[in-house]
Amino acid sequence: MTRRGHVPQRQCAGCGGRFAKHSLVRFTVTRSLAMVDTGLRGEGRGAYTCPDPDCFERALRKKAFERRLKAAVDAGILRHDFEHLLITLVKNGKKANLRDSKGV
Ligand SMILES: [Zn+2]
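A brief look at the structure comes next.

Looking now at helix H3 (residues 75-91). Compared with an ideal rise of 1.5 Å per residue, which puts 17 residues at 24 Å, H3 spans 24 Å between its outermost C-alpha atoms and is within 8% of the ideal. Buried residues of H3: Leu78, Phe82, Leu85, Leu86 and Leu89, and no others. All buried residues of H3 project into a common sector of 105° when viewed along the axis, lining one side. Facing away from the buried surface of H3 by more than 90 degrees, the exposed residues are His80, His84 and Lys91. Those residues of H3 hidden inside the fold are in contact with strand E3 (25-30), strand E4 (33-36), strand E5 (47-49), helix H1 (53-61) and helix H2 (64-69). For H3, the N-terminal capping position is held by Asp74, with its side-chain oxygen 3.1 Å away from the main-chain nitrogen of Gly76.

Bound to the zinc ion on the protein side are Cys12 (SG), Cys15 (SG), Cys50 (SG) and Cys55 (SG), at distances that span 2.3 Å. Geometry at the zinc ion is tetrahedral, judged from the four donor atoms that bind it and their angles of 104 to 116° at the metal. All donors of the zinc ion belong to a single chain; written as a sequence motif, their spacing is C-x2-C-x34-C-x4-C. Of this pair, Cys12 sits in the loop between strand E1 (9-11) and strand E2 (18-20) while Cys55 sits in helix H1; the two residues are 43 residues apart in sequence, bridging distant segments of the chain. The class of Cys12 is buried, set by a relative accessible area of 1%.

Scoring rules and cut-offs
- Residues numbered from 1 in each chain as written.
- Predicted model: local features only at pLDDT ≥ 70, side-chain atom pairs only at ≥ 80, totals over all residues.
- Heavy atoms only, no water.
- Helix = DSSP H or I, 4+ residues; strand = E, 2+ residues; numbered from the N terminus.
- Expected span 1.5 Å × (residues − 1).
- Buried < 20%, exposed > 50% of the residue type's maximum accessible area, 1.4 Å probe, protein only.
- Arc of directions from axis to C-beta.
- Contact = heavy atoms within 4.5 Å.
- Polar contact = N/O pair within 3.5 Å; in protein donor to acceptor, adjacent residues only side chain to side chain.
- Donors = N, O, S within 2.8 Å, 3.2 Å for Na, K, Ca; no water.
- Tetrahedral: all angles 85-135°; square planar, octahedral: opposite > 155°, others 65-115°.

Spelled out as structure tokens, the structure:
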């Protein structure tokens, strides 16, 4: 669903679609390592994916985090944090696709 308007949009590093910034998961750089941005700082370099493991894995495979964040990626840590964030989102009633659900 695409709406025009005042909502800032960002591109998903996985599927390449553009979505409202607040509906995406943000990644940032901490000590030269790509990390899930769980705070609301929104500072510095950022990359985004849909709250969907498919988009996340695609972004990993494309090395989109390395390129966009210009940082090293520890896939194990990043995947763990991403999945943890999705669970938190779902608990809070937000939209997110957990591992066993179908992506769009
Ligand atoms: Zn996506």
